[in-house]
Amino acid sequence: MPPVGRLHLITDARPGRDALTVVVAALAAGADTIQVRVPDATTDREAYELTREVLRMCRDAGAACLVNDRLHIALALGADGGHVGADDLPVAAARRILGPDAILGATARNPETARRAVADGATYLGVGPAYRTSTKDGLPDPIGVGGVAVVAGAVTVPVIAIGGVTAERAGELTRAGAHGVAVVGAVSEADDPGKAVTELLQAIGESR
Ligand SMILES: Cc1ncc(COP(=O)(O)OP(=O)(O)O)c(N)n1
Ligand SMILES: Cc1nc(C(=O)O)sc1CCOP(=O)(O)O
Ligand SMILES: [Mg+2]
(Lines give C-alpha, C1' and ligand atoms only; values in the text may rest on other atoms or scores of the structure.)
(Ligands and ions follow the chains in the order given, each with its own letter.)
Protein backbone atom coordinates (compact mmCIF):
# COMPACT_ATOMS: atom_id res chain seq x y z
CA MET A 1 0.00 0.00 0.00
CA PRO A 2 1.46 3.41 -0.93
CA PRO A 3 1.73 5.96 1.89
CA VAL A 4 -1.26 8.25 2.41
CA GLY A 5 -0.56 11.51 0.61
CA ARG A 6 -0.73 14.95 2.15
CA LEU A 7 -2.35 16.97 -0.65
CA HIS A 8 -5.44 15.33 -2.11
CA LEU A 9 -6.96 17.03 -5.13
CA ILE A 10 -10.58 15.97 -5.59
CA THR A 11 -11.92 16.37 -9.11
CA ASP A 12 -14.52 19.12 -9.38
CA ALA A 13 -17.88 17.48 -10.02
CA ARG A 14 -19.74 20.70 -10.86
CA PRO A 15 -20.97 21.34 -14.40
CA GLY A 16 -18.65 23.22 -16.70
CA ARG A 17 -15.43 22.25 -14.90
CA ASP A 18 -12.56 20.73 -16.85
CA ALA A 19 -11.38 18.11 -14.38
CA LEU A 20 -8.56 16.69 -16.49
CA THR A 21 -6.88 20.03 -17.17
CA VAL A 22 -6.82 20.76 -13.45
CA VAL A 23 -5.46 17.29 -12.68
CA VAL A 24 -2.62 17.76 -15.17
CA ALA A 25 -1.61 21.07 -13.58
CA ALA A 26 -1.97 19.72 -10.04
CA LEU A 27 0.21 16.67 -10.70
CA ALA A 28 2.86 18.77 -12.42
CA ALA A 29 2.99 21.00 -9.34
CA GLY A 30 3.36 18.05 -6.96
CA ALA A 31 -0.08 17.01 -5.71
CA ASP A 32 0.48 13.49 -4.35
CA THR A 33 -3.09 12.15 -4.50
CA ILE A 34 -5.98 12.57 -6.90
CA GLN A 35 -9.46 11.45 -5.85
CA VAL A 36 -11.81 10.99 -8.79
CA ARG A 37 -15.24 12.27 -7.73
CA VAL A 38 -18.02 12.62 -10.28
CA PRO A 39 -21.64 13.78 -10.09
CA ASP A 40 -24.20 11.14 -9.20
CA ALA A 41 -25.72 11.49 -12.67
CA THR A 42 -22.46 10.55 -14.37
CA THR A 43 -22.68 7.08 -15.85
CA ASP A 44 -20.34 4.34 -14.72
CA ARG A 45 -18.90 4.25 -18.22
CA GLU A 46 -18.08 7.97 -18.11
CA ALA A 47 -16.59 7.65 -14.64
CA TYR A 48 -14.55 4.66 -15.77
CA GLU A 49 -13.11 6.54 -18.75
CA LEU A 50 -12.25 9.59 -16.61
CA THR A 51 -10.64 7.44 -13.93
CA ARG A 52 -8.61 5.53 -16.51
CA GLU A 53 -7.14 8.81 -17.77
CA VAL A 54 -6.49 10.14 -14.27
CA LEU A 55 -4.90 6.86 -13.20
CA ARG A 56 -2.55 6.94 -16.18
CA MET A 57 -1.49 10.47 -15.30
CA CYS A 58 -1.06 9.55 -11.63
CA ARG A 59 1.14 6.59 -12.54
CA ASP A 60 3.35 8.85 -14.69
CA ALA A 61 3.62 11.37 -11.85
CA GLY A 62 4.09 8.87 -9.03
CA ALA A 63 0.88 10.00 -7.36
CA ALA A 64 -1.90 7.89 -5.85
CA CYS A 65 -5.29 7.62 -7.55
CA LEU A 66 -8.37 7.06 -5.40
CA VAL A 67 -11.97 6.68 -6.53
CA ASN A 68 -14.81 8.27 -4.58
CA ASP A 69 -17.84 6.04 -3.89
CA ARG A 70 -17.61 3.77 -6.96
CA LEU A 71 -15.28 1.09 -5.70
CA HIS A 72 -15.98 -1.23 -8.62
CA ILE A 73 -14.30 1.31 -10.86
CA ALA A 74 -11.24 1.42 -8.61
CA LEU A 75 -11.08 -2.37 -8.69
CA ALA A 76 -11.64 -2.66 -12.42
CA LEU A 77 -8.79 -0.26 -13.18
CA GLY A 78 -6.38 -1.24 -10.42
CA ALA A 79 -6.47 2.21 -8.81
CA ASP A 80 -4.80 2.66 -5.43
CA GLY A 81 -8.04 2.71 -3.45
CA GLY A 82 -11.25 4.50 -2.71
CA HIS A 83 -13.13 6.79 -0.35
CA VAL A 84 -16.51 6.13 1.30
CA GLY A 85 -18.83 8.17 3.50
CA ALA A 86 -22.06 7.77 5.40
CA ASP A 87 -24.20 7.20 2.30
CA ASP A 88 -21.82 4.72 0.69
CA LEU A 89 -20.87 1.13 1.44
CA PRO A 90 -19.97 0.63 5.09
CA VAL A 91 -16.24 0.81 5.74
CA ALA A 92 -15.94 -2.92 6.57
CA ALA A 93 -17.71 -3.85 3.33
CA ALA A 94 -15.53 -1.46 1.37
CA ARG A 95 -12.44 -3.05 2.88
CA ARG A 96 -13.66 -6.52 1.92
CA ILE A 97 -14.21 -5.39 -1.64
CA LEU A 98 -10.93 -3.52 -2.05
CA GLY A 99 -8.78 -6.06 -0.23
CA PRO A 100 -6.12 -5.56 2.44
CA ASP A 101 -3.59 -3.64 0.33
CA ALA A 102 -5.77 -0.81 -0.98
CA ILE A 103 -5.93 2.68 0.48
CA LEU A 104 -9.39 3.10 1.96
CA GLY A 105 -10.54 6.54 3.10
CA ALA A 106 -13.62 7.09 5.22
CA THR A 107 -15.41 10.30 6.15
CA ALA A 108 -15.58 11.01 9.89
CA ARG A 109 -16.96 14.11 11.55
CA ASN A 110 -16.46 13.14 15.20
CA PRO A 111 -14.22 10.86 17.29
CA GLU A 112 -16.80 8.08 17.64
CA THR A 113 -17.31 7.68 13.90
CA ALA A 114 -13.57 8.01 13.42
CA ARG A 115 -12.70 5.18 15.82
CA ARG A 116 -15.34 2.91 14.27
CA ALA A 117 -14.07 3.59 10.75
CA VAL A 118 -10.53 2.74 11.79
CA ALA A 119 -11.67 -0.46 13.50
CA ASP A 120 -13.53 -1.38 10.31
CA GLY A 121 -10.46 -0.95 8.14
CA ALA A 122 -10.04 2.69 7.10
CA THR A 123 -6.50 3.65 6.12
CA TYR A 124 -7.14 7.36 6.53
CA LEU A 125 -10.03 9.62 7.53
CA GLY A 126 -11.46 12.57 5.63
CA VAL A 127 -12.49 14.96 8.39
CA GLY A 128 -14.69 18.00 7.98
CA PRO A 129 -16.14 20.21 6.86
CA ALA A 130 -13.33 22.20 8.42
CA TYR A 131 -14.79 25.48 7.10
CA ARG A 132 -17.83 26.54 5.15
CA THR A 133 -17.73 25.45 1.51
CA SER A 134 -19.84 26.22 -1.52
CA THR A 135 -18.58 23.17 -3.41
CA LYS A 136 -20.94 20.65 -1.81
CA ASP A 137 -24.51 21.07 -0.54
CA GLY A 138 -26.10 19.48 2.49
CA LEU A 139 -23.12 19.41 4.78
CA PRO A 140 -23.38 19.95 8.55
CA ASP A 141 -21.93 23.10 10.14
CA PRO A 142 -18.15 23.38 9.95
CA ILE A 143 -16.25 21.66 12.76
CA GLY A 144 -13.36 24.13 12.54
CA VAL A 145 -9.72 23.59 13.42
CA GLY A 146 -10.78 22.43 16.86
CA GLY A 147 -13.06 19.73 15.50
CA VAL A 148 -10.33 18.44 13.20
CA ALA A 149 -7.89 18.40 16.13
CA VAL A 150 -10.30 16.40 18.31
CA VAL A 151 -10.72 13.72 15.65
CA ALA A 152 -6.99 13.63 14.87
CA GLY A 153 -6.29 13.13 18.56
CA ALA A 154 -8.69 10.20 18.75
CA VAL A 155 -7.09 7.99 16.09
CA THR A 156 -3.67 6.87 14.93
CA VAL A 157 -4.40 6.84 11.19
CA PRO A 158 -3.73 9.94 9.04
CA VAL A 159 -6.44 12.60 9.10
CA ILE A 160 -7.09 14.56 5.91
CA ALA A 161 -8.94 17.80 6.61
CA ILE A 162 -11.55 18.79 4.02
CA GLY A 163 -14.06 21.55 3.35
CA GLY A 164 -13.20 25.14 2.54
CA VAL A 165 -9.46 24.51 2.78
CA THR A 166 -7.25 27.18 1.21
CA ALA A 167 -3.51 27.83 1.26
CA GLU A 168 -4.12 30.44 3.96
CA ARG A 169 -5.89 27.89 6.19
CA ALA A 170 -4.05 24.65 5.45
CA GLY A 171 -1.18 25.31 7.85
CA GLU A 172 -3.40 25.69 10.90
CA LEU A 173 -5.01 22.35 10.10
CA THR A 174 -1.75 20.42 9.87
CA ARG A 175 -0.43 22.18 12.98
CA ALA A 176 -3.61 20.99 14.72
CA GLY A 177 -2.82 17.38 13.87
CA ALA A 178 -4.08 16.79 10.34
CA HIS A 179 -1.68 14.76 8.21
CA GLY A 180 -2.81 16.66 5.13
CA VAL A 181 -5.68 18.36 3.32
CA ALA A 182 -8.14 17.61 0.53
CA VAL A 183 -9.32 20.38 -1.76
CA VAL A 184 -11.60 21.03 -4.67
CA GLY A 185 -12.24 24.75 -5.13
CA ALA A 186 -8.89 26.06 -3.92
CA VAL A 187 -7.30 24.46 -6.97
CA SER A 188 -10.07 24.07 -9.55
CA GLU A 189 -11.27 27.69 -9.16
CA ALA A 190 -7.78 29.16 -9.17
CA ASP A 191 -6.61 31.19 -12.16
CA ASP A 192 -3.42 29.14 -11.99
CA PRO A 193 -4.16 25.68 -10.52
CA GLY A 194 -0.47 24.72 -10.49
CA LYS A 195 0.41 27.81 -8.44
CA ALA A 196 -2.45 27.03 -6.07
CA VAL A 197 -1.02 23.55 -5.50
CA THR A 198 2.44 24.97 -4.89
CA GLU A 199 1.02 27.35 -2.28
CA LEU A 200 -0.92 24.57 -0.57
CA LEU A 201 2.20 22.38 -0.46
CA GLN A 202 4.18 25.24 1.05
CA ALA A 203 1.45 25.80 3.63
CA ILE A 204 1.60 22.19 4.81
CA GLY A 205 5.40 22.09 4.77
CA GLU A 206 5.75 20.00 1.64
CA SER A 207 7.36 22.48 -0.73
CA ARG A 208 9.43 20.95 -3.51
C1 LIG B 1 -10.85 13.18 1.72
C2 LIG B 1 -12.33 13.15 1.67
N3 LIG B 1 -13.02 13.40 2.79
C4 LIG B 1 -14.37 13.39 2.75
C5 LIG B 1 -15.05 13.14 1.59
C6 LIG B 1 -16.55 13.11 1.54
O7 LIG B 1 -17.02 11.79 1.25
P8 LIG B 1 -18.59 11.49 1.41
O9 LIG B 1 -18.97 11.87 2.78
O10 LIG B 1 -18.83 10.10 0.99
O11 LIG B 1 -19.26 12.49 0.37
P12 LIG B 1 -19.08 12.48 -1.21
O13 LIG B 1 -17.70 12.98 -1.53
O14 LIG B 1 -19.25 11.09 -1.71
O15 LIG B 1 -20.13 13.40 -1.73
C16 LIG B 1 -14.29 12.88 0.45
N17 LIG B 1 -14.86 12.62 -0.73
N18 LIG B 1 -12.94 12.89 0.51
C1 LIG C 1 -16.55 16.58 -1.22
C2 LIG C 1 -16.56 17.22 0.11
N3 LIG C 1 -16.82 16.52 1.24
C4 LIG C 1 -16.81 17.30 2.33
C5 LIG C 1 -17.10 16.82 3.67
O6 LIG C 1 -16.98 17.58 4.65
O7 LIG C 1 -17.44 15.64 3.77
S8 LIG C 1 -16.45 18.91 1.99
C9 LIG C 1 -16.34 18.56 0.35
C10 LIG C 1 -16.05 19.60 -0.69
C11 LIG C 1 -14.68 20.19 -0.55
O12 LIG C 1 -14.55 21.16 -1.51
P13 LIG C 1 -13.79 22.52 -1.24
O14 LIG C 1 -12.34 22.20 -1.06
O15 LIG C 1 -14.03 23.32 -2.49
O16 LIG C 1 -14.41 23.15 -0.05
MG1 LIG D 1 -19.36 9.30 -0.75
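Residues numbered from 1 in each chain as written. Chains lettered and ligands numbered in written order. Predicted model: local features only at pLDDT ≥ 70, side-chain atom pairs only at ≥ 80, totals over all residues. Heavy atoms only, no water.

- The chain carries the name Thiamine-phosphate synthase in an unreviewed UniProt entry, which gives Planosporangium flavigriseum as its organism.
- On record in UniProt, under Sequence similarities (unreviewed entry), the comment for the chain is "Belongs to the thiamine-phosphate synthase family."
- The chain has a UniProt comment under Pathway (unreviewed entry) that states "Cofactor biosynthesis; thiamine diphosphate biosynthesis; thiamine phosphate from 4-amino-2-methyl-5-diphosphomethylpyrimidine and 4-methyl-5-(2-phosphoethyl)-thiazole: step 1/1." (UniProt positions renumbered as here; feature names shortened; annotations may be inferred.)

## Some remarks on the coordination of the magnesium ion (ligand 3)
Here is step 1: Coordination of the magnesium ion (ligand 3) by the protein comes from Asp69 (OD) and Asp88 (OD), over a distance range of 2.1 Å. Of the two residues, Asp69 sits in the loop between strand S3 (64-68) and helix H3 (71-77) while Asp88 sits in the loop between strand S4 (81-84) and helix H4 (91-98), which places them 19 residues apart along the sequence. (Donors = N, O, S within 2.8 Å, 3.2 Å for Na, K, Ca; no water. Helix = DSSP H or I, 4+ residues; strand = E, 2+ residues; numbered from the N terminus.)

## Let's talk about unusual backbone geometry
Here is step 1: Following Gly128, the chain continues into Pro129 via a peptide bond in cis, with omega recorded as 0 degrees.
Here is step 2: Positive phi is not limited to glycine here, since Asp69 has a value of about 70 degrees.

## A few points about the pattern of salt bridges
Here is step 1: Tallied over the full model, the rule gives nine salt bridges.
Here is step 2: The closest approach of N and O atoms between Arg56 and Asp60, which form a salt bridge, is 3.8 Å. With Arg56 and Asp60 both in helix H2 (residues 44-61) and four residues apart, this pair spans about one turn of that helix.
Here is step 3: Note on Arg56: relative accessible area 44%, which makes it partly exposed.
Here is step 4: Between Lys195 and Glu199 there is a salt bridge; the shortest N-O distance is 3.4 Å. One end of the pair, Lys195, and the other, Glu199, are both in helix H9 (residues 193-203), four residues apart, so they sit about a helical turn from each other.
Here is step 5: Note on Glu199: relative accessible area 33%, which makes it partly exposed.
Here is step 6: Several salt bridges converge on common partners, so that one network encompasses Glu53, Arg56 and Asp60. (Salt bridge = Lys/Arg side-chain N within 4 Å of Asp/Glu carboxyl O. Buried < 20%, exposed > 50% of the residue type's maximum accessible area, 1.4 Å probe, protein only.)

## Some remarks on the site of ligand 1
Here is step 1: Taken together, 15 residues sit near ligand 1, with Gln35, Arg37, Asp88, Thr107 and Lys136 positioned nearest.
Here is step 2: Arg37 is positioned such that a nitrogen or oxygen atom in its side chain is 2.8 Å from an oxygen atom of ligand 1.
Here is step 3: Out of a free accessible area of 420 Å², ligand 1 has 88% covered by protein chains. (Near = heavy atom within 4 Å. Polar contact = N/O pair within 3.5 Å; in protein donor to acceptor, adjacent residues only side chain to side chain. Areas by Shrake-Rupley, 256 points an atom, 1.4 Å probe, with all protein chains shown as cover.)

## Regarding the pairing of S3
Here is step 1: Taking burial as the measure, the five residues of S3 include five buried ones, the bulk of the element.
Here is step 2: Residues Ala64, Leu66 and Asn68 line one face of S3 and the alternating positions Cys65 and Val67 line the opposite face, and both faces are buried.
Here is step 3: Note that strand S2 (residues 33-36) and S3 share four bridges and pair parallel. Bridged to Val36 within S3 is Val67.
Here is step 4: Where the polypeptide runs from S2 across H2 and back to S3, its parallel neighbour, the crossover connection is right-handed.
Here is step 5: Judged from the three bridges that link them, S3 and S4 form a sheet pairing that is parallel. Note on S4: the bridge partner recorded for Leu66 is Gly81. (Pairing = 2+ DSSP bridges. Right-handed = clockwise from strand over helix to strand, strands pointing away.)

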